[in-house]
Amino acid sequence: MFFHIADQPQENYPCHWQLGSFSVSTDSGWQLEQVGLAQVLYKGYVDRTSIDTLLLDIVLQTAPQILGNFCALVLVNNTLTIQSDRYRSFPIYIGDHGINNLIATDCTAWTDSMITVHSDLAVTENKFDVIGSTDLSVSTVDQIDELLINKIQRFLLHNQRPLRVFLSGGVDTLLLYSYVHRLGAEYELVWNLHTDLDEFYLANSSDIKKYWGYRQIHHWQTPCVLASGTPGDEFMLRSPTTANQYLLAHGTSISQQLQHHPDCLHREYFSQYTDLFLNQRAGTTAELCNTVVNDWQHWHLGHTLTWTPFRDLELFKLFLALPYDQALGQIMNSAVSRELIERNVPGLTRVLSDQKNSGNAMKNLRDLLKSQC
């Protein structure tokens, strides 16, 4: 879901669209529709229904409200508005010669910005409240489960593309897999590392891989959906940055807790961030929300849509509002995520890695592979 808005086509993009005076260059997989007086060039998905049934709603958004993972470039009266889902999954870089989401410039539009591009490529940036209320009531694991069931099931009910699931050995891909399995969806469990090299990837592989999420992603040139666990660390209270700020607000830290939990799942992972922890201060709920919502990881590549149901700030708020002991267990040991996996598929946590992102992280998946044979 990459684009470049300029006054002439960009040779490193395979698809070129003329919207009014704008030359828009994109990767594959975008569609162009006329919606009333607007032209809408779009890509991605919404949670609750097929995106093409909501194009008018997207055009009329004065602030992003629709949940999903999409971008829509809306042309009206020779101005181009970059519309997105509420928690926009991609950056917007504003430069002297165009606006894009591949190559960084000196000016970044954060997730609380709506961008309108004028015919001379000047930009109007309108701010909106992406975070919402931070007055949180105590939450429960049941509430987290309910949010995820509803969110995941809505997408599964309308999705028409083949759904592919790859397990990394980590907790987030396994959690999403457990809901897909529990809800009885059709899916393919992928046991290979698959990257089709299309024209956009070949032209931009180095720039694409500057985003860590695209150093380890599957890509097929035929239309499909890839279930992604990102950004589970960030939106389920396990990111080193925000998890430590949360603990500092409770009078402790990850470094201190590692002494009390020497065998926790995240020991080796968190041990890489000791310098970061030394320089942090406690974070407010609003600050933590602002950090995670501006952490862009997976949008879409070519004809492979990356399904990211964990990118939801209301989910993050539920984790922040858990009783402290449960939140601590989640930070150090993915305790809540593990409980949800076991609710969905009893016994499935046996295939989790012994340590997050360390060693032979996929070795415990062997039991699952054998059962597929």
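Data block above holds the structure.
Structure report, in brief.

Here is what the cut-offs are and how they apply
For every chain, the first residue of the written sequence is number 1, and numbering continues from 1 along that sequence. Reporting of local features is limited, given that this is a predicted model, to residues whose pLDDT is at least 70; pairs of side-chain atoms are given and counted only at 80 or more, and all residues count toward the totals for whole chains, interfaces and linings. Only heavy atoms go into the side-chain values, all of them from the structure, while hydrogens and water stay out. Counting from the N terminus, the helices are DSSP H or I runs at least four residues long and the strands are E runs at least two residues long. Only C-alpha atoms enter the radius of gyration, while the globule expectation follows 2.2 Å times N to the 0.38, with N the number of residues. Any two residues having at least one pair of non-hydrogen atoms within 4.5 Å are treated as being in contact. Values of accessible area rely on a 1.4 Å probe in the Shrake-Rupley scheme; residue burial ignores everything except the protein chains shown. Residues scored as positive are Lys and Arg, those scored as negative are Asp and Glu, and His as well as the terminal groups of each chain are ignored. Here the site of a charge means atom NZ of a Lys, CZ of an Arg, CG of an Asp or CD of a Glu. Burial classification: accessible surface area is computed with a 1.4 Å probe over protein chains only, and a residue below 20% of its type maximum counts as buried, one above 50% as exposed, and the rest as partly exposed. Counting of polar contacts relies on pairs of N or O atoms within 3.5 Å, with two restrictions inside protein: one atom must be capable of donating a hydrogen and the other of accepting it, and residues adjacent in sequence are counted only when both atoms are side-chain atoms. Only Phe, Tyr and Trp rings take part, Trp by its six-membered ring, and two of them pair if their centres are within 6.5 Å. Stacked means planes under 30 degrees apart, edge-to-face means over 60, and tilted covers everything else. Think of it as a cone above the ring: NZ of Lys or CZ of Arg counts as a charge over the ring if it is within 6 Å of the ring centre and within 35 degrees of the ring normal. Cysteine sulfurs are considered disulfide-paired once they come within 2.5 Å of each other. For two strands to pair, DSSP has to find at least two bridges joining them. Note on geometry: axes are C-alpha line fits, over the in-contact stretch for helices, and angles between N-to-C directions span 0 to 180 degrees.

### As for the overall build of the protein
At step 1: Scanning the protein for helices and strands turns up 14 helices and 16 strands.
At step 2: Computed over its C-alpha atoms, the radius of gyration of the protein comes to 21 Å, within 12% of the 21 Å expected for a compact globule of 373 residues.
At step 3: For the protein, the C-alpha atoms occupy an extent of roughly 60 × 50 × 35 Å along the three principal directions.
At step 4: In the protein, once contacts between residues fewer than 6 apart in sequence are set aside, the share between residues at least 24 apart is 67%.
At step 5: Summed over its atoms, the accessible surface of the protein is roughly 15900 Å², and 48% of this surface lies on carbon and sulfur atoms.
At step 6: Of note, the protein has its 25 positive side-chain charges centred 6 Å away from the centre of its 39 negative side-chain charges.

### Observations regarding the environment of tryptophan 110
At step 1: Within the secondary structure layout, tryptophan 110 lies in the loop between β10 (107-109) and β11 (113-117).
At step 2: Exposure remark for tryptophan 110: the relative accessible area of 43% places this residue in the partly exposed category.
At step 3: Separated by 51 residues in sequence, tryptophan 110 and valine 59 have C-alpha atoms that sit 20 Å apart.

### Some details on helix α11 (residues 313-320)
At step 1: Of all eight residues making up α11, seven are buried, and the element is well covered by its neighbours.
At step 2: Residues Leu313, Leu315, Phe316, Lys317, Leu318, Phe319 and Leu320 constitute the buried set of α11.
At step 3: Taking the backbone nitrogen of glutamate 314 as reference, a side-chain oxygen 2.9 Å away marks aspartate 312 as the first, capping residue of α11.

### So, the side chain of lysine 317
At step 1: Relative to the helices and strands, lysine 317 is located in helix α11.
At step 2: Here serine 133 takes part through its backbone oxygen, which lies 2.8 Å from a polar atom of the side chain of lysine 317.
At step 3: Separated by 3.2 Å, the side chains of lysine 317 and glutamate 314 make a polar contact.
At step 4: Residues contacting lysine 317, with those up to four places away along its chain left out, are Ile131, Gly132, Ser133, Leu136 and Cys289.

### What to know about the packing of aromatic side chains
At step 1: One pass over the structure, following the stated rule, counts 16 aromatic pairs.
At step 2: Where phenylalanine 155 meets tryptophan 307, the ring centres are 4.7 Å apart and the plane angle is 20°; that geometry is what we call stacked. Of this pair, phenylalanine 155 sits in helix α2 (residues 141-158) while tryptophan 307 sits in strand β16 (residues 304-307), and the two are 152 residues apart along the sequence.
At step 3: Under the relative-accessibility criterion, phenylalanine 155 is labelled buried at 3%.
At step 4: Residue classification places tryptophan 307 among the buried positions, given a relative accessible area of 1%.
At step 5: With 6.4 Å between their ring centres and 70° between their planes, phenylalanine 270 and phenylalanine 277 make a pair best called edge-to-face.
At step 6: Exposure remark for phenylalanine 270: the relative accessible area of 0% places this residue in the buried category.
At step 7: A residue is classified by how much of its surface remains accessible, and phenylalanine 277, at 7% relative accessible area, is buried.
At step 8: Each member of the aromatic cluster is reached from another via a ring pair, and the members are Phe2, Tyr13, Phe200, Tyr211, Tyr214 and Trp299.
At step 9: Positioned above the aromatic ring of phenylalanine 90 is the side chain of arginine 88, whose terminal nitrogen or guanidinium carbon lies 5.7 Å from the ring centre.

### What about the state of the cysteines?
At step 1: Summed over the entire model, instances satisfying the criterion amount to zero disulfides.
At step 2: With no disulfide of its own, cysteine 107 lies closest to cysteine 71 among cysteine sulfurs, the gap being 17 Å.
At step 3: We classify cysteine 107 as partly exposed; its relative accessible area is 33%.

### Details of the sheet that holds strand β7 (residues 79-84)
At step 1: With antiparallel pairing, the six strands of this open sheet are ordered in space as β4-β5-β6-β7-β11-β12. On the outer flanks of this sheet lie β4 (31-35) and β12 (123-127), each paired with one strand and no other. Averaged over neighbouring strand pairs, the angle between their axes works out to 25° when direction is ignored.
At step 2: Of the pairings in the sheet, the one linking β4 to strand β5 (residues 38-46) comprises five bridges and is antiparallel in character.

Any functional reading would require information that these geometric values do not contain.
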